[in-house]
Amino acid sequence: MNNPQHDEQNEAGDVAAEHVRIFDTTLRDGEQTPGFSMDRRAKLRMAQMLEALGVDVLEAGFPQASPDDFAAVAQIASTLRDTTACALARCVPGDIDSAGRALEQAQRSRIHVFLSTSPLHREHKLGMSKQQVLDAAVAGVERAMQLAHEVEFSAEDAMRTEPEFLAEVFSAAAAAGASTLNAPDTVGYMTPVEIAERFAWLIANVQRGRHVVFSSHCHNDLGLAVANSLAAVSAGARQVECTVNGIGERAGNAALEEIVMAMKVRGAWFGTDTRIDTKKLHPASRLLSELTGQNVQRNKAIVGENAFAHESGIHQHGMLKHRGTYEIMRPEDVGLAETKLVLGKHSGRAALRQRLETLGHAPGDAAMDEIFVRFKALADKKREIHDDDLDALARGRDPDAAGPWRLTRLDTSAHLGAGASASVKLRHDDGREVAEAALGDGPVDAVLRAMERATDTTLQLTRFQVQAVGEGGDAQGEARLAAQHDGRAWNGHAVSTDIVEAAAQAALAIVNRIAQSTPAATPSPQTTKTKTLGAHA
Ligand code: KIV
Ligand code: ZN
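Every value quoted in this text rests on a predicted model; they were computed, and no experiment measured them. (Residues numbered from 1 in each chain as written. Chains lettered and ligands numbered in written order. Predicted model: local features only at pLDDT ≥ 70, side-chain atom pairs only at ≥ 80, totals over all residues. Heavy atoms only, no water.)

Quick question: what am I supposed to make of the sheet that holds strand S3 (residues 84-90) here?
Around the barrel, which closes on itself, the eight strands sit in the order S1-S2-S3-S4-S5-S6-S7-S8 with parallel pairing between neighbours. Direction aside, neighbouring strands of the sheet carry axes that sit 25° apart on average. Here strand S5 (residues 150-156) pairs with strand S6 (residues 180-185) via three bridges, running parallel. Opposite Phe153, over in S6, you have Leu181 as the bridge partner. (Pairing = 2+ DSSP bridges. Helix = DSSP H or I, 4+ residues; strand = E, 2+ residues; numbered from the N terminus. Axes fitted to C-alpha atoms, helices over the stretch in contact; angles between N-to-C directions.)

And the structure:
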């Protein structure tokens, strides 16, 4: 099959002058990892996001692995417009034919055939001689060439393969029609200088090496996947295989967002770039987390919560004067609204004053001295200081003061397949007692609704996170809630051995902060208000 749109590569051109293609394997190498599996609908949503991000090639799956994988690849392939749809296949006819069928509706299709080449894999995994590997690789590429616009050949465990034999296999695969030759570091064994030398050697020693695209595919077993991929690029690789958030086998694959931003920020050094719309990096990362339920670590480069957050006083002071002091890229470039100056125990007066002014306070110097002392005392107790804490400090209140509402009773029950119900009883410092009940999608939702009714407070939940504190069956649950009320953000946090109770106490903390910040309503002492369970308010 001819590739109608093989844009840059041609017999005369030298591939080194071209852009670096991003080959995304989030839905194949990433998805086959424990904890990251996605159903077909989730895969399709992710594929659409990846196309919007601008990945050149999207490896949608391994069609021969299961009927569901086949269906997912076929559906994604028929949806993509500009991105090349790719399917993985071993060098065996059944796999290659499945991949070809799954890609039938693609505008641009690629079959990615792979075969192990290293001595360890040849002997222990395949039981094949060098000649048998060579023949199978050629036969696989030739068969795939009949079924897709283009073919990529991967030598699995390439980096532990004898270089001369690898060059021989690659030369044969290229002669059979493969336009991309992938040299994976399957077990994450290489170091950057070494992998750069290997790629340079391969490009010089594979026949027609300057006219095919060399590709890197690095695993992160030693934490070097991104460094090794970039080293391969510096040696002439013009395709990088990577995944959003770096998900993938074992310690993962090279992280797409890190590769892309390294090449953007250090474009002059690399002398090449990618075609990724970097403003979509954050949305893509968040979507993957949402679809898989796996958050990225806070300090993860580019997409972690702390990637553009500055807490230390010295850094915040510098940032307020000139953002270039501590930032090498702008958060907007990766799709984040703004740099976050996180206020905590390391923060200084300049950042505190700036934040208070943003919140509408204008403390004089004496007031500022007092607020700063109380701010430091609070920061010693809390991990992060939120706007509502600062608001309370500026108004002269103790942000940690409990009340006026206290939770005196909490009952929930979940109804299999039919949501949940909750009833709460609250006591106000003015003597009122209120009991309320509500239905919800789940126990936490029902508790929040009951709490809203009981306190006449409307909360629009924007974040709900629960995590275990400690290990084992008796681990505590920590709930963090963020909600909007009256156009402002409010935060609550609580810990309990029962996660529903932790969520209820976190919601109560928000309700109390709102109550503390608004003038007290006229109390009606000693009244007991009880309402019955109702549909959602
Ligand atoms: O890591 C690897 O070698 C692979 C191949 C299938 C390309 O994922
Ligand atoms: Zn891999």
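I keep staring at the coordination of the zinc ion (ligand 2) and nothing clicks. Help me out?
Ideal values for angles at a metal depend on the geometry: 109.5 degrees with four tetrahedral donors, 90 or 180 degrees with six octahedral donors. Protein coordination at the zinc ion (ligand 2) comes from Asp29 (OD), His217 (NE2) and His219 (NE2), with a distance range of 2.0 to 2.1 Å. Here the donor residues of the zinc ion (ligand 2) share one chain and are spaced in sequence as D-x187-H-x1-H. Placement of Asp29 in helix H1 (residues 26-30) and of His217 in strand S7 (residues 213-218) is noted, with a sequence separation of 188 residues between them. Each member of the pair, Asp29 as well as His217, is classed as buried. (Donors = N, O, S within 2.8 Å, 3.2 Å for Na, K, Ca; no water. Buried < 20%, exposed > 50% of the residue type's maximum accessible area, 1.4 Å probe, protein only.)

Whenever I open this one, a nonpolar patch on the surface confuses me. Can you help?
A cluster of nonpolar side chains, Leu461, Phe464, Val466 and Ile499, forms an exposed patch at the surface whose accessible area comes to about 310 Å². Residue contributions to the nonpolar patch peak at three residues, all from strand S14 (residues 460-469). Along the chain, the position of Val466 falls in strand S14. What makes Val466 partly exposed here is its relative accessible area of 35%. (Patch = residues over 30% accessible without salt bridge, like charges linked within 9 Å, V, L, I, M, F, W, Y side chains within 5 Å. Areas by Shrake-Rupley, 256 points an atom, 1.4 Å probe, with all protein chains shown as cover. Salt bridge = Lys/Arg side-chain N within 4 Å of Asp/Glu carboxyl O.)

What exactly am I supposed to notice about the environment of Asp95 here?
Inspection of the secondary structure puts Asp95 in helix H4 (residues 93-102). A residue is classified by how much of its surface remains accessible, and Asp95, at 1% relative accessible area, is buried. Sequence separation between Asp95 and Gly140 is 45 residues, and the spatial gap between their C-alpha atoms is 9.6 Å. Ignoring sequence-local partners within four residues, the contact set of Asp95 consists of Phe62, Gln64, Ala89 and Arg90. (Contact = heavy atoms within 4.5 Å.)

Can you walk me through the packing of helix H9 (residues 225-234) against helix H10 (residues 256-265) in this structure?
Each pair of packed helices can be summarised by the angle the axes make with each other and by the distance between the axes. The geometry of H9 relative to H10 is characterised by a closest axis approach of 10 Å and an angle of 45° between their N-to-C directions. Classified by the angle their axes make, H9 and H10 are oblique. Here the hand of the crossing between H9 and H10 comes out right-handed. Touching Val226, Ser229, Leu230 and Val233 of H9 are Glu258, Ile259, Ala262 and Met263, all from H10. Broken down by class, the residue content of the contact of H9 with H10 amounts to six nonpolar, one polar and one charged. (Parallel < 35°, antiparallel > 145°, perpendicular 65-115°, else oblique. Left-handed = near helix turned anticlockwise from the far one by under 90°. Nonpolar A, V, L, I, M, F, W, Y, C, P; charged D, E, K, R; others polar.)

What should I look at first to understand the environment of Ile314 in this one?
Summarising the element assignment, Ile314 is placed in helix H13 (residues 313-321). Overall, the relative accessible area of 66% leaves Ile314 in the exposed class. Distance from Ile314 to Gly348, taken between C-alpha atoms, is 7.3 Å for residues 34 residues apart in sequence.

I tried to follow the confidence of the model for the protein chain on my own but got confused; where do I start?
Caution is warranted with low-pLDDT regions, since their predicted coordinates should not be read in detail. Residues at a pLDDT of 70 or more form 91% of the protein chain, whose mean pLDDT is 88. Confidence drops under pLDDT 50 across residues 3-7; counting only partners more than four residues distant or on other chains, this segment forms seven contacts. In the model, residues 521-537 has pLDDT below 50 throughout and makes 37 contacts with residues more than four positions away in sequence or in other chains. (pLDDT = per-residue confidence, 0-100.)

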